[in-house]
Amino acid sequence: AFYVCFSGVCGGEFSVLRSPQSVVFRDGSWPIPGERIPDVAALTMGFSVEEDLPWPGLGVGDLFHRPQATVLVTVKGVDKLPVKGFSYPIENAVPFSLDSVANAIHTLFSEETPVVLQLAPSEERVYMVGKANTVFEDLSVTLRQLRNRLFQDNSILSSLPLNSLSRNNEVDLLFLSELQVLHDIASLLSRHKHLAKDHSPDLYSLELSGLEEVGKRYGEDSQQFKDASQILVDSLQKFADEMFNLYGGNVVVEVVAVKEFNSPLSRKTRSILQASQSQKENPYNLAYPYNYDYSVIFNIVLWMMIGLALAVIVISYNLWNMDPGYDSIIYRMTNQKIRMD
């Protein structure tokens, strides 16, 4: 499955650029919690989540036809982007990652060729897993590679209207290099279309912060920031259309625009004070939240116990009514006729 997402914090916005008919997004202004955006990606791809997602924006859809790719693009430095599609406000925009979705894909489809690509060009952070990712080995991931890629003959500089942006400014080049990465991902995939036609789902998670740097450098009221925003919207729309076509329409493209995160990204750790803390947080001894695996486990245990009970009853009945002279070799060997012989 393929998704593109942008998450915003203070007044951020979650938008769906493209989606197949098997995934249903409803038109409305329901706010989505920022920490649940990975769960939206997981559910649209057909994976289960630990907690139910009571968000009206996502419908049930076709459970037997899941998207083949998911692309999530996080754009930092702006509250919203005027992109086409369904848009929802983000409530409590906190940093998130698609590690859980990536691990699920890698675990379930390790013998096939899923594409799992998580990339943050400005931070030189890249994570690729799976056999298919050899296709993206030539992708520019360091700042030096990105700069050199922009000045090659087939770069976006030859076709992109820069307007007030300059190819001589480092901040502008950083912003443009991120757009070059979007172009190169679609270009590499178009040369290896078999990856988009196999049965394993794909995941692309991209984080773009070049627009944020442009805003810091020139100001958010500057012409450079306005031009960069429009160029970014056009590039994202084109990227979404290209991915949608490469995957034959069986792809979800989402956008998350975020001004700034409410808190830094942190991993869950276990504290030695966890037991005492949980005691204070739950002074009324309330039951734990309902686990949606409960019904499955309950049915497995119930019918297994019933089956074992019936087996014990049947075996006990047959042993009780067994003919010793016919079934047991012990009694047959002590038969009077055999002893006389």
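Here the structure is a predicted model, which is why all the values come from computation and not from measurement.

Time to look at the pairing of strand S6 (residues 125-129). By the bridge criterion, 5 bridges tie strand S5 (residues 116-120) to S6 in an arrangement that is antiparallel. In the strand pairing of S6, Ala120 is matched with Arg125. Hairpin geometry of S5 and S6 is characterised by an intervening segment of 4 residues between the two adjacent antiparallel strands and by a positive phi of about 55° at Glu124.

A word on the confidence of the model for the protein chain. Looking at the protein chain as a whole, its pLDDT mean stands at 83, while 82% of the residues score no less than 70. The element-level mean pLDDT for the protein chain is lowest in helix H8 (residues 274-281), coming to 42, with helix H7 (residues 223-246) highest at 96. Counted against residues more than four places away or in other chains, residues 1-10, with its pLDDT under 50, gives 91 contacts. Predicted confidence for residues 266-281 stays below pLDDT 50, and this span has 2 contacts to residues more than four positions away or in other chains.

This part takes up helix H1 (residues 37-44). With 7 of 8 residues buried, H1 is to be regarded as a mostly interior element. What H1 keeps buried is the set Ile37, Pro38, Asp39, Val40, Ala41, Ala42 and Thr44. The inward-facing, buried residues of H1 abut strand S1 (13-18), strand S2 (32-33), strand S3 (69-76), strand S4 (86-91), helix H2 (99-108) and strand S8 (251-258). Looking at the residues trailing H1, positive phi occurs at Gly46, about 95°.

As a further point, take unusual backbone geometry. Of note in this structure, Asn92 is not a glycine but carries a positive phi near 55°. Along the chain, Asn92 falls in the loop between S4 and H2. Residue classification places Asn92 among the partly exposed residues on the basis of a relative accessible area of 42%. One non-glycine residue, Asn163, lies in the positive phi region at around 55°.

Conventions used here
Residues numbered from 1 in each chain as written. Predicted model: local features only at pLDDT ≥ 70, side-chain atom pairs only at ≥ 80, totals over all residues. Heavy atoms only, no water. Pairing = 2+ DSSP bridges. Helix = DSSP H or I, 4+ residues; strand = E, 2+ residues; numbered from the N terminus. pLDDT = per-residue confidence, 0-100. Contact = heavy atoms within 4.5 Å. Buried < 20%, exposed > 50% of the residue type's maximum accessible area, 1.4 Å probe, protein only.

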